[in-house]
Amino acid sequence: MQMNAEYTSLVAVGDSFTEGMSDLLPDGSYRGWADLLAARMAARSPGFRYANLAVRGKLIGQIVAEQVDVAAAMQADVVTLVGGLNDTLRPKCDMTRVRDLLEEAVERLSPSCKQLVLMRSPGRNGPVMERFRPRMEELFTHIDDLASRHGAIVVDLYGAAALGDQRMWDVDRLHLTAEGHRRVAEAVWQALGHPPEDDWQLPLSAAVPLNWAARRVADARFARQHLAPWIVRRLTGRSSGDGRPPKRPELLPYDGPLPQEPTGGLS
């Protein structure tokens, strides 16, 4: 890694986490950590170019088939790759295949860029996390090994207690809030050698526990609005990303808003 290197382009590869769900903008589109990172990098580098190939719901096999070669051909300075977590959340998951596909992606992307960035993804504290934790940690161990062999950076979001706080997660319990995405952008910013702008691992203030009735209302809302549709998609073999194009399919000059000042965390 080149500390304080001046990078002039960024390509983001992955699924809903990199697409930016649930960092919702007023126009109904999603922003997310990759857009926030691109804005900050563009502020340092005139003519900075950015592409985001991520599409929600994609499994690692789809990411390799649909995004990796496209990203490699762009020859960007920085490529971020986050994938495989959707696979680990499936009832049946061939972890050997997931590891092999992730290795294939890294082997293709690493020679194409100046710096490849991998991540140990965050996980929301709770019973679902505990159920799938062994698969996730197997995936993260493999990511660490790939990074050491291919000179990639690993951003350890999984090890940050603040990102496991349930208040960092949207009502769907699968995607980070705007504050969570902001913290991820800061984590990657620092991992690329830039000086810290705030403490992305700062714990949240003590939470006021919800009473029993409020928890049941929240659980019922989650089951109705998010869990049931997710189960239907699994049973029918469909994905939320079917037919959806990447949010920024071409490596073009960044034309988004300038980065905002850090908010300093949640109360």
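Residues numbered from 1 in each chain as written. Predicted model: local features only at pLDDT ≥ 70, side-chain atom pairs only at ≥ 80, totals over all residues. Heavy atoms only, no water.

### Section: the sheet that holds strand S1 (residues 9–14)
As a reminder of what qualifies: For two strands to be treated as a pair, DSSP must find no fewer than two bridges joining them. Each helix is a run of DSSP H or I of at least 4 residues and each strand a run of E of at least 2, with the numbering of both proceeding from the N terminus. Axis geometry follows a simple rule: fit a line to the C-alpha atoms, using only the stretch in contact for helices, then measure angles between N-to-C directions, giving values from 0 to 180 degrees.
Strand order in the open sheet made by the six strands is S5-S4-S3-S1-S2-S6, with mixed pairing throughout. With one partner strand each, in any of the chains shown, strand S5 (153–156) and strand S6 (248–253) form the two edges of the open sheet. Across this sheet, the average inter-strand angle for adjacent strands is 15 degrees, counted without regard to direction. Direction of pairing for S1 relative to strand S2 (residues 49–52): parallel, over a ladder of four bridges. What sits directly across from Leu10, in S2, is Tyr50.

### Overview of the confidence of the model for the protein chain
The cut-off we apply is this: Each residue carries a pLDDT score, the predictor's confidence in it, ranging from 0 to 100. The contact criterion used is simple: two residues touch if any of their non-hydrogen atoms lie within 4.5 Å.
Summary statistics for the protein chain give a mean pLDDT of 87 and a share of 81% for residues scoring 70 or more. Confidence over residues 261–267 falls short of pLDDT 50; this stretch has 17 contacts with residues more than four positions distant or in other chains.

### Section: helix H5 (residues 95–109)
Threshold: By this rule the span expected of a helix is its residue count minus one, scaled by 1.5 Å. Think of it in three bands: with a 1.4 Å probe and only protein chains considered, a residue is buried below 20% of the maximum accessible area for its type, exposed above 50%, and partly exposed in between. Any pair of nitrogen or oxygen atoms within 3.5 Å is treated as a polar contact; in protein, a donor-acceptor pairing is required on top of that, and neighbouring residues in sequence qualify only through side-chain atoms on both sides.
Look at H5: 21 Å from first C-alpha to last across 15 residues, which is about the 21 Å you get at 1.5 Å a residue. All buried positions along H5 are accounted for by Met95, Val98, Leu101, Leu102, Glu103, Ala105, Val106 and Leu109. Where H5 begins, the side chain of Asp94 points an oxygen toward the backbone nitrogen of Thr96, at a separation of 3.2 Å.

### Let's talk about the pattern of salt bridges
Cut-off, in case you're wondering: In the sections that follow, a salt bridge refers to a side-chain nitrogen of Lys or Arg positioned within 4 Å of a carboxyl oxygen of Asp or Glu.
Evaluation of the coordinates by the stated rule reveals 21 salt bridges. Asp23 is the partner of Arg31 in a salt bridge, and the nearest nitrogen-oxygen pair spans 3.0 Å. Taking relative accessible area as the criterion, Asp23 reaches 2% and is therefore assigned buried. Where Arg149 meets Asp145, a salt bridge forms, and the shortest distance between an N and an O atom there is 2.9 Å. Note that Arg149 and Asp145 are positioned in helix H6 (residues 127–150) at a spacing of four residues, about one turn of the helix. By relative accessible area, which is 42% here, Arg149 ends up partly exposed. Connected through shared salt-bridge partners, Glu179, Arg182, Arg183 and Asp198 make up one network.

### Focus: the packing of helix H2 (residues 33–44) against helix H8 (residues 178–191)
Note the following rule: Angles below 35 degrees are treated as roughly parallel, those above 145 as roughly antiparallel, those between 65 and 115 as roughly perpendicular, and all remaining angles as oblique. What makes a crossing left-handed is the near helix being turned counterclockwise from the far one by less than a right angle; a clockwise turn instead makes it right-handed. In the scheme used here, Gly and all other residues not listed as nonpolar or charged are polar, with Ala, Val, Leu, Ile, Met, Phe, Trp, Tyr, Cys and Pro taken as nonpolar and Asp, Glu, Lys and Arg as charged.
Two numbers describe how H2 lies on H8: the axes approach to 8 Å, and their chain directions differ by 45 degrees. Here H8 runs oblique to H2, going by the angle between their axes. For the pair H2 and H8, the crossing hand works out as right-handed. Contact with H2, carried on its side by Trp33, Leu36, Leu37, Arg40, Met41 and Arg44, involves His181, Arg182, Val184, Ala185, Glu186, Val188 and Trp189 of H8 and no other residues of that element. Across the contact of H2 with H8, the residue classes break down as eight nonpolar, one polar and four charged.

### Focus: the pairing of strand S4 (residues 115–120)
Burial within S4 is extensive, with six of its six residues counted as buried. What you see with S4 is no split at all: Gln115, Val117 and Met119 on one side and Leu116, Leu118 and Arg120 on the other are buried throughout. Taken together, the four bridges between strand S3 (residues 78–82) and S4 define a ladder with parallel strand orientation. Residue pairing for S4: Val79 is matched across the bridge by Leu116. When S4 meets S5, the two strands line up parallel, connected through four bridges. Its bridge partner lying in S5, Leu118 is registered against Val154.

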